[in-house]
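Coordinate inspection notes
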Amino acid sequence: MTTGLPPVKAPWIVGRPALLEHAAADYLNELARQRPWTRARAEELLERLEAHLGEPAPLLAYTRLTGEAWLRSLPEAERPEAAELLTDFRAYLRDWGWLDQARPVNQPD
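Residues numbered from 1 in each chain as written. Predicted model: local features only at pLDDT ≥ 70, side-chain atom pairs only at ≥ 80, totals over all residues. Heavy atoms only, no water.

**Details of the packing of helix α2 (residues 39–53) against helix α3 (residues 64–73)**
- Remark: α2 packs on α3, axes separated minimally by 10 Å, with the N-to-C direction vectors making an angle of 110 degrees. As far as their axial angle goes, α3 and α2 are roughly perpendicular. Across the interface between the two elements, Leu45, Arg48, Leu49, His52 and Leu53 from α2 touch Thr66, Ala69, Trp70 and Ser73 from α3.
- Tallied by class, the residues present in the contact of α2 with α3 amount to five nonpolar, three polar and one charged. (Axes fitted to C-alpha atoms, helices over the stretch in contact; angles between N-to-C directions. Helix = DSSP H or I, 4+ residues; strand = E, 2+ residues; numbered from the N terminus. Parallel < 35°, antiparallel > 145°, perpendicular 65-115°, else oblique. Contact = heavy atoms within 4.5 Å. Nonpolar A, V, L, I, M, F, W, Y, C, P; charged D, E, K, R; others polar.)

This is the structure in structure tokens:
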């Protein structure tokens, strides 16, 4: 009998562009498992990021530059928390293969 280990790569919807909301939902599920007390605030911030990028935002609309622009649009008091979230979210996207699957081959993250 095999154990239910998580997949090495994120599930992919063939033939459709990856949406930020799909990657965010996976991230929030993982966050809820590891740090459930932070999920609600992370969800609120990611929804605001998506609204800033235009809903429904393709995952590739979120880049380092668009993330920095969004941070600058936030009140000063919220920026450190949001920057920490973006760092963690981007690491999740890389580690779980979301960025590799969403972008053309040989494009750096």
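**Regarding the pattern of salt bridges**
- Taken as a whole and judged by the stated rule, the model has nine salt bridges.
- A salt bridge links Glu81 to Arg41, with the shortest nitrogen-to-oxygen separation between them at 3.0 Å. Within this pair, whereas Glu81 is found in helix α4 (residues 79–95), its partner Arg41 is found in helix α2, the two being separated by 40 residues in sequence.
- Residue Glu81 is classed as partly exposed on the basis of its relative accessible area of 38%.
- In this structure, Arg79 and Glu76 form a salt bridge, with 2.8 Å as the shortest nitrogen-oxygen distance.
- For Glu76, a relative accessible area of 57% puts it in the exposed group. (Salt bridge = Lys/Arg side-chain N within 4 Å of Asp/Glu carboxyl O. Buried < 20%, exposed > 50% of the residue type's maximum accessible area, 1.4 Å probe, protein only.)

**Some remarks on α3**
- Those residues of α3 lying buried are Gly67, Trp70 and Leu71. Buried residues of α3 fall within an arc of 100 degrees about the axis and therefore sit on the same side. Of the exposed residues in α3, the ones pointing more than 90 degrees away from its buried face are Leu65 and Arg72.
- Of the surrounding elements, those touching the buried residues of α3 are α2 and α4. (Arc of directions from axis to C-beta.)

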